[in-house]
Amino acid sequence: MPLPPTVVLVHGAFADASSWAGVIRHLHATGLTVYAPANPLRGLAYDAAYLRSVVGQIGTPVVLAGHGYGGAVITDADADNVVALCYVAGFGLDAGESLLDVTSRFSPMPGPDPTVAAGLAARSPGDPDSELYIRRERFLDVYATDLAPRVGRVLSVTQRPIARGALTARSGPPAWARKRSWYAIAAADRMLSPTAQRFMAQRMAATERVVDGSHAVVMSRPDAVAAMIREAAGQCDDHGALY
């Protein structure tokens, strides 16, 4: 019996793996096996190496899906058993490119704005890197405009900060240059400009899906996101290759 693909979901900055809960329910309903590991958010090289180790332990073809910064991580975490990439309002970086290289070319991108993002001290005295999080009073407005206010308030409190150095880390050779890709463009995103998303999707020749959602589209439109991932998984033949 051929092995069906496994879906691995990678969350982005200011969130955790539970952000994929609705998507996971939809994927489970169609019989797909799903993993949603914790993205360390320590820096691109570190996070990609961790994800690569997770994927390498899965004995089936893998469809990688990344949201936001998670897109940059799946771009750098290529492995032999990865057969497709799914970007959800995600960073599909090119070789030598950083997150800030992309966001500085397109607006709006309020993440580094001091009125939106605030800094935290390094986790330990030996760690030179500080962390960024979204100010609680701005979280709903810039990250999750299409979620209920009560939900946004909880997310603002439970958000996971990202190492500041992750914004300027340079990407390696992109996996999307070798693997077929899909891209869900969040049309109402205020964190990562939809224009930037469209640029990255077209650059990688991805199959595009436009979704009416904020940056929190994995939570506000899990049905649409899951449908795109199912489409990617369904393109695998009996040997895990795409056709």
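In this report, the structure presented in the accompanying data block is examined. (Residues numbered from 1 in each chain as written. Predicted model: local features only at pLDDT ≥ 70, side-chain atom pairs only at ≥ 80, totals over all residues. Heavy atoms only, no water.)

## Let's talk about the pairing of strand 8 (residues 180-186)
- Taking burial as the measure, the seven residues of strand 8 include six buried ones, the bulk of the element.
- As paired elements, strand 8 and strand 9 (residues 207-211) share five bridges and run parallel to each other. The residue bridging Ile185 from the neighbouring strand is Val210, located in strand 9.
- Read as a crossover between parallel neighbours, the route from strand 8 over helix 7 (residues 194-203) to strand 9 is right-handed. (Buried < 20%, exposed > 50% of the residue type's maximum accessible area, 1.4 Å probe, protein only. Helix = DSSP H or I, 4+ residues; strand = E, 2+ residues; numbered from the N terminus. Pairing = 2+ DSSP bridges. Right-handed = clockwise from strand over helix to strand, strands pointing away.)

## Details of the sheet that holds strand 9
- As summarised here, the arrangement of the six strands in space is 2-1-3-4-8-9, forming an open sheet in which the pairing is parallel. Each edge of the sheet is formed by a strand with only one pairing partner; in this case those strands are strand 2 (33-35) and strand 9. Across this sheet, the average inter-strand angle for adjacent strands is 20°, counted without regard to direction.
- In the sheet, strand 1 (residues 6-10) pairs with strand 2 via three bridges, with the strands oriented parallel. Within the sheet, the bridge partner assigned to Val8 lies in strand 2 and is Tyr35.
- In the packing of helix 9 (residues 222-234) onto the sheet, contacts are made with strand 1, strand 3 (62-67), strand 4 (82-88), strand 8 and strand 9, and the angle to strand 4 comes to roughly 160°. (Axes fitted to C-alpha atoms, helices over the stretch in contact; angles between N-to-C directions. Contact = heavy atoms within 4.5 Å.)

## Some details on the pattern of salt bridges
- Scanning the model with the defined rule gives 10 salt bridges in all.
- Put simply, Arg42 and Glu131 hold a salt bridge, and the shortest N to O gap is 2.7 Å. With Arg42 in the loop between strand 2 and helix 2 (44-56) and Glu131 in strand 6 (residues 131-134), this residue pair connects regions lying 89 residues apart in the sequence.
- The shortest N-O distance in the salt bridge between Asp141 and Arg138 comes to 3.5 Å. One end of the pair, Asp141, and the other, Arg138, are both in helix 5 (residues 136-143), three residues apart, so they sit about a helical turn from each other.
- Assessed through its relative accessible area of 33%, Asp141 is described here as partly exposed.
- Through salt bridges that share partners, Asp78, Arg178 and Lys179 make up one connected network. (Salt bridge = Lys/Arg side-chain N within 4 Å of Asp/Glu carboxyl O.)

## Details of the side chain of Thr75
- Here Thr75 lies in helix 3 (residues 69-76).
- When its relative accessible area of 0% is taken as the criterion, Thr75 is described as buried.
- The contacts of Thr75, once residues within four sequence positions are left out, are Tyr87, Phe91, Gly92, Leu93, Ser171, Pro173, Pro174, Ala175 and Trp176.

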